[in-house]
2 protein chains.
Amino acid sequence: MLVATFRRLLWAGLTLTVLPAAAQTAATTDSVNIRRLYDEALARGQSYDNLRHLCTRIGGRLSGSPQAEQAVQWGKVTMEMLGLDRVYLQEVMVPHWVRGAKEKAVVRGAKGKGLDLAVCALGGSVGTGGKLRAQVVEVQSLQELAALPAEKVKGKFVLFNRPMNPLYIETGQAYGEAGDQRRAGPSAAARRGAVGALVRSLTLAHDDYPHTGSLRYDDQVAKVPAAALSTNSADQLSQLLKADPDLTVELEMSCQTLPDVKSYNVVGEIKGSKYPDEIITVGGHLDSWDLAQGAHDDGTGCVQSMEVLRLLKATGLRPERTVRAVLFMNEENGVRGGNKYAELAKAAGEKHLAAMESDGGGFTPRGFNIEADAATVRRVRQWQPLLRPYGSTNWTPGHAGTDIGPLKSQARVLIGYDCDSQRYFDLHHTAADTFDKVNRRELELGGASMAALVYLLSKYGL
Amino acid sequence: MLVATFRRLLWAGLTLTVLPAAAQTAATTDSVNIRRLYDEALARGQSYDNLRHLCTRIGGRLSGSPQAEQAVQWGKVTMEMLGLDRVYLQEVMVPHWVRGAKEKAVVRGAKGKGLDLAVCALGGSVGTGGKLRAQVVEVQSLQELAALPAEKVKGKFVLFNRPMNPLYIETGQAYGEAGDQRRAGPSAAARRGAVGALVRSLTLAHDDYPHTGSLRYDDQVAKVPAAALSTNSADQLSQLLKADPDLTVELEMSCQTLPDVKSYNVVGEIKGSKYPDEIITVGGHLDSWDLAQGAHDDGTGCVQSMEVLRLLKATGLRPERTVRAVLFMNEENGVRGGNKYAELAKAAGEKHLAAMESDGGGFTPRGFNIEADAATVRRVRQWQPLLRPYGSTNWTPGHAGTDIGPLKSQARVLIGYDCDSQRYFDLHHTAADTFDKVNRRELELGGASMAALVYLLSKYGL
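Residues numbered from 1 in each chain as written. Chains lettered and ligands numbered in written order. Predicted model: local features only at pLDDT ≥ 70, side-chain atom pairs only at ≥ 80, totals over all residues.

Draft legend 1. Layout of the overall build of chain A. A tally of regular secondary structure across chain A gives 14 helices and 16 strands. Over its C-alpha trace chain A gives a radius of gyration of 24 Å, about what one expects of a compact globule, namely 23 Å for 462 residues. Dimensions along the principal axes, computed over C-alpha positions, put chain A at roughly 80 × 45 × 35 Å. Taken over 462 residues, chain A has a buried fraction of 56%. Taking as baseline every contact in chain A between residues at least 6 positions apart, the subset at least 24 positions apart corresponds to 83%. (Helix = DSSP H or I, 4+ residues; strand = E, 2+ residues; numbered from the N terminus. Rg over C-alpha atoms; globule rule 2.2 N^0.38 Å. Buried ≥ 20, exposed ≤ 12 C-beta atoms within 10 Å, placed from the backbone. Contact = placed C-beta atoms within 7 Å.)

In structure tokens, the structure reads:
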């Protein structure tokens, strides 16, 4: 089962171990079955059509919104049509933040003439209660802010303007490293007496899209309004500040947080034929930000997860362990769905063999990030040669995902679907994250690679 | 030099051979120098800005067109600004085919009401001399056509309608397999007495873009007009034919071939510091089809090839062997530039160590296709671990490229830059092949990977 017999693997330089006859047969069977999963996905994949519906008929679906509830119903009906053994909802209370009217930010210099900035509220931000006008102090980091004299910050906006580092090959590393400005910047600014925060958008592109995303308020300090500026606007404001340090920005945002709302995770399940009590969960998050259609973040992960079940059924590869697709609610601003799923699994005494998540976009598959002890990582990676003919080469230890994170102590392994990361942060959390940015084949190949690994996990366990 | 010392390689599961101290030092030096090439490309790469100019200021540049000549001048000036040791043009006579007025194809049924098809002339086709109206016979292959009774074909259009096979993981395989319909279909149709050929566009997408591309007329039979239909139009015509086998298509194309025109390859060169007589050529093709801007086909290959030289200079990594960037003219409909380059190299007694080509689009790098004897392939592949941290994992024997093909008997190795192939044929030879379809980082990563391999070739030879 460990070494594929595909001829292309031979000249790919892999060592063909001499295996016992039974193992050789298993390897051949697995190669053939994985090829069947890919054939089904490439010839008759439904991920793309499902995604079209979710993105263009429902659209952006922030937790608590009417669209999020439409998405729940859509997910349930779509899974019911797959003829699964069980489809159900898991109730969960979610935050309900609303953006309100389109945000405005105007730079006003000595001459009084205004210049519009491309801006949007960060998710969870309080509103400005009318127009909020203040001077601006620019910093590159939380550390630089902490070192500033109090009078340099008090009563001003803090502009957090450190760009993402373009030198990382995987863009997620750069996102992780720059993200403290968005998450912790607003409260750090408030702690120093600032009236608000302006945060450079988390992207490697130079353009006019502001990128929203969650902030985390510190309960110990006042909640101040926080907005993202597009990278072009952040650069422009920085330039203007150099020429006129006394300029002001006038910010107007009517966002607010309403009472929590009842929502749901959507769960579909194929019962394992031999070990129904061992569960393999595969999921994406159903909620999205409100600025666009939530295509790559994370409509793709949802349709791929449902497609894993469909591919297993369509190919007749009934899994020996139970396989569940979960459309998690509220990844973006609370992870309430992910937490609820783990909590209910624990309360029910469920045994999770593995949990897999797709939340890095629907781009061409590169491999998987495997989060487990070293021995388990090695076991999973033994299957890598079986997916090498499909370009899935990068099976590395690493962070698996946000929604399955709460399952860490309950699952033998957490697995993050890893795909090409170059375009993701051009679109992430912006108005550009739309269906037309998704390539059908890239999406379907991703679902097929997830199905292949789920098939192996369900057959062999760990 | 064979094994990188990057820590990420350790957990990527590669075996670290115990190397002599000198080899360890060389490996470290190479890792560091390759990282410098990538840093320069990601932080200050110029490929993207160069491509913007070529695509949006010059645009489509079919051989013999005024835009092709503008592109030659642009290429020369752009390379001169790099401060190379030598920049020059190689004169070459090229075909001069012109599309004329926008093509029209109308389906006319029993009721006489017309339905427009999305159509364009295949490159090199003769025109229709006014409107050409005929019935249509549909086939899936050249073999099926050859087996048809003569009366089924005579006086009709042949519709070649075999789709590209979606099951291949690399789309180029499907293109290669379906391409006989476009290249040989028109003359095969003429041989059976048809008045013209309609060819399903070579793409895996289902949309309304007709894809042009070269046909090859057989001198032994009449030249009949040949057009590509978009996949949607081909499907639609096929459906209509089932309902009404007697329907006619009225085709109108004013394309024609004019006398050959003088044009040029553009060549820029850095002299090798130790072995100036050993040459490494890296190139793309400067001509493109006329329907769009020739962004992925092959503006990206041109700017990446020039970027290889710029990266070597900017990092101070003066190559020990001579490195040449060549912008080949006329890949699309004649390969006159590629043939001329090889002919002049032979006449001058030049010794080519290697020739590399980028002509599969500017998508995320996957590796290289290596065309050489088995021992040389093995030697080149020994360097693969050095590029593994950058996602360049797929170094396989295979076809390297059309423009460097004529150098086969003169070069130790031919190398094709291999990148993600999923989106390429959505754009290839259509009006959609525009600058906005290119991602900056994907493009620059590709140029960096080419520069890294050129650096290794120039340092170690073969």
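Still to come is the rest of the account.
Draft legend 2. The arrangement of the relation of the copies chain B and chain A in detail. Superposition record for chain B on chain A: RMSD 0.0 Å, screw rotation 180 degrees, translation along axis 0.0 Å. Both copies are brought into coincidence by an operation consistent with a two-fold rotation axis. Identified as the residue of chain B closest to the rotation axis by C-alpha distance is Thr393 of chain B, at 3.8 Å. Of the interface residues in chain B, 96% have counterparts in chain A that sit at the interface too, so the contact is made through matching surfaces. (Least-squares fit on C-alpha atoms with pLDDT ≥ 70 in both.)

Draft legend 3. The sheet that holds strand β5 (residues 131-139) of chain B, seen in detail. Residues and elements named next belong to chain B. Overall, mixed pairing links the 8 strands, which are arranged β3-β2-β9-β5-β6-β7-β8-β4 in an open sheet. With one partner strand each, in any of the chains shown, β3 (114-116) and β4 (119-121) form the two edges of the open sheet. Here the average twist between neighbouring strands, direction ignored, is 30 degrees. Note that strand β6 (residues 157-160) and strand β7 (residues 196-200) share 4 bridges and pair parallel. Within the sheet, the bridge partner assigned to Val158 lies in β7 and is Ala197. Strand contacts of helix α8 (residues 180-191): β6, β7 and β8 (226-229), with the helix running at about 155 degrees to β7, the strand carrying the most contacts. Running at roughly 80 degrees to β5, helix α9 (residues 231-243) makes contact with β2 (104-108), β4, β5, β6, β7 and β8 of the sheet. (Pairing = 2+ DSSP bridges. Axes fitted to C-alpha atoms, helices over the stretch in contact; angles between N-to-C directions.)

Draft legend 4. Molecular detail of the sheet that holds strand β1 (residues 86-98) of chain A. Residues and elements named next belong to chain A. Read across the open sheet, the 8 strands follow the order β1-β10-β12-β11-β13-β16-β14-β15; overall the sheet is mixed. Two strands in the sheet have a free side with no partner beyond their single neighbour: β1 and β15 (394-397). Adjacent strand axes in the sheet meet at a mean angle of 20 degrees when their direction is disregarded. Pairing geometry for strand β14 (residues 365-371) and β15, over 4 bridges, is parallel. By the bridge assignment for β15, Asn369 is matched with Thr396. Against the sheet, helix α4 (residues 66-80) makes contact with β1, β10 (256-270) and β12 (321-328), and its axis sits at roughly 5 degrees relative to β10, the strand it touches most. Strands β11 (275-285), β12, β13 (351-357), β14 and β16 (411-419) of the sheet are contacted by helix α14 (residues 440-460), whose axis makes an angle of about 160 degrees with β11.

Draft legend 5. Spatial organisation of the interface of chain B and chain A. Across the contact, 25 residues belong to chain B and 24 residues belong to chain A. Elements supplying a minimum of two residues to the side of chain B that touches chain A: α2 (21-44), β15 (394-397) and α15 (440-460) of chain B. Looking at the side of chain B that touches chain A, the element that brings in the most residues is α2 of chain B, giving 3 residues. Here the side of chain B that touches chain A is composed, by residue class, of 11 nonpolar, 7 polar and 7 charged. (Nonpolar A, V, L, I, M, F, W, Y, C, P; charged D, E, K, R; others polar.)

Draft legend 6. A look at the domain arrangement of chain A. Residues and elements named next belong to chain A. As assigned here, chain A comprises domain 1 (7-96 + 259-460) and domain 2 (100-254). Relative to domain 2, the C-alpha centre of domain 1 lies at a distance of 35 Å. Among the residues forming the side of domain 1 that touches domain 2, the class breakdown is 6 nonpolar, 7 polar and 2 charged. (Domains from an automatic or database assignment.)

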